Amino acid sequence: MTTLVVVRKGDSVAIAADSLTTFGDTRLAAEHDRTYDKIVRYRDTYIGLCGSAAHQLVFESLLAKHGDLDFAHKSAIFETFRKLHPILKEQHFLNPKEEEDDPYESTQITALIANANGIFGVFSMREVFEYTQFWAAGSGREFALGAMHARYAQTKTAEGVARLGIEAGAKFDRNSALPMTIYALPLTKPGQTRESR
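As the structure is a computational prediction, the values presented were derived from the model and not from experiment.

1. Considering the overall build of the protein chain
Line of reasoning, step 1. For the protein chain, the helix and strand inventory stands at four helices and eleven strands.
Line of reasoning, step 2. Relative to the compact-globule value of 16 Å for 197 residues, the protein chain shows a C-alpha radius of gyration of 16 Å, a close match.
Line of reasoning, step 3. For the protein chain, the C-alpha atoms occupy an extent of roughly 45 × 45 × 35 Å along the three principal directions.
Line of reasoning, step 4. Considering the protein chain as a whole, with its 197 residues, one finds that 50% of them fall into the buried category.
Line of reasoning, step 5. Long-range contacts, defined as pairs at least 24 residues apart, comprise 58% of the intrachain contacts of the protein chain with a sequence gap of at least 6.
Line of reasoning, step 6. Only carbon and sulfur atoms are counted for the fraction: they give 52% of the accessible area of the protein chain, which is about 10400 Å².
Line of reasoning, step 7. Considering the protein chain, the positive charge centre built from 23 side chains and the negative charge centre built from 25 side chains are found 6 Å apart.

In structure tokens:
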């Protein structure tokens, strides 16, 4: 699957991902994949996707066609994914079924988001979380969470903590591998707008 992390520390945030794609027992390593980056950019927001390999192309298509998406804060992200759900079903043929007793249709997407406002996670029922320090998703998440928890206080930057998480996932999860891709950006200071940065 993948190892994907987001980190907030000091005055910056970082998002990082491993580069391995797997199809059952078959591994597509970065050296054989021209587009191995699992993180897409929409304006000043970085979105890391895990799950089906199809999610990346679908999401890139959605972002290119919809110029009014808002990832600025928790409720805006929820509304964005709520708005995208019927489009995913109608235009991209999403199968929204997971479990029979699920309370809502699934979007089938797990994503981590980083932008100047913070770090967020989105899960299949469109649950949105805002994190204060770090989080991880994908099959290597437990290893990444452990590594980041152990070294968060001693590591100086958000980017440094993110690197530790991806390295741990790549080392111990059979569905994750290096190289990693990583993006870091400054946080908006309280009272500051994007225009005043």
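That covers the picture; the talk isn't over yet.
2. Concerning helix 4 (residues 158-172)
Line of reasoning, step 1. When the terminal C-alpha atoms of helix 4 are compared, their 22 Å separation across 15 residues agrees well with the 21 Å that a helix rising 1.5 Å per residue should span.
Line of reasoning, step 2. Residues Ala158, Gly160, Val161, Ala162, Leu164, Gly165, Ile166, Ala168, Gly169 and Ala170 constitute the buried set of helix 4.
Line of reasoning, step 3. Buried residues along helix 4 sit against strand 1 (4-9), strand 2 (12-17), helix 3 (141-151) and strand 11 (181-186).

3. Examining the side chain of Asn115
Line of reasoning, step 1. With respect to the helices, strands and loops of the structure, Asn115 is situated in strand 7 (residues 110-115).
Line of reasoning, step 2. Here Phe71 takes part through its backbone oxygen, which lies 2.7 Å from a polar atom of the side chain of Asn115.
Line of reasoning, step 3. Leaving out residues up to four positions away in the same chain, Asn115 has contacts with Val13, Asp44, Thr45, Phe71, Ala72, Phe120, Leu185 and Leu187.

4. Considering the sheet that holds strand 6 (residues 45-50)
Line of reasoning, step 1. An order of 5-6-7-8-9 is seen for the five strands of this open sheet, with the pairing classed as antiparallel. What marks the edges here is a single partner per strand, and that holds for strand 5 (39-42) and strand 9 (128-131). Within this sheet the neighbouring strands show an average axis-to-axis angle of 25 degrees, counted without direction.
Line of reasoning, step 2. The pairing of strand 5 with strand 6 spans four bridges and is antiparallel. If you follow Val40 over to strand 6, its bridge partner there is Ile47.

5. A look at the nonpolar core
Line of reasoning, step 1. Ranked by internal contacts, the top residues of the largest apolar core, which has 22 residues, are Ile47, Phe59, Leu63, Phe71, Ile77, Phe81 and Ile113.
Line of reasoning, step 2. Secondary-structure elements contributing two or more residues to this core are strand 5, strand 6, helix 1 (54-65), helix 2 (74-92), strand 7 and strand 8 (118-122).
Line of reasoning, step 3. No other element matches helix 2, which puts five residues into this core.
Line of reasoning, step 4. In this structure Phe71 touches Tyr42, Thr45, Ile47, Leu63, Ile77, Thr80, Phe81, Ile113, Asn115 and Phe120, once residues within four positions along its chain are discounted.
Line of reasoning, step 5. Counting residues in each nonpolar core, the second largest holds 16 residues, with Val6, Ile39, Phe123 and Ala137 among its members.

Cut-offs applied
Residues numbered from 1 in each chain as written. Predicted model: local features only at pLDDT ≥ 70, side-chain atom pairs only at ≥ 80, totals over all residues. Heavy atoms only, no water. Helix = DSSP H or I, 4+ residues; strand = E, 2+ residues; numbered from the N terminus. Rg over C-alpha atoms; globule rule 2.2 N^0.38 Å. Buried < 20%, exposed > 50% of the residue type's maximum accessible area, 1.4 Å probe, protein only. Contact = heavy atoms within 4.5 Å. Areas by Shrake-Rupley, 256 points an atom, 1.4 Å probe, with all protein chains shown as cover. Lys, Arg positive; Asp, Glu negative; His and termini not counted. Charge placed at Lys NZ, Arg CZ, Asp CG, Glu CD. Expected span 1.5 Å × (residues − 1). Polar contact = N/O pair within 3.5 Å; in protein donor to acceptor, adjacent residues only side chain to side chain. Pairing = 2+ DSSP bridges. Axes fitted to C-alpha atoms, helices over the stretch in contact; angles between N-to-C directions. Core = buried A, V, L, I, M, F, W, Y, C linked by side-chain atoms within 4.5 Å.

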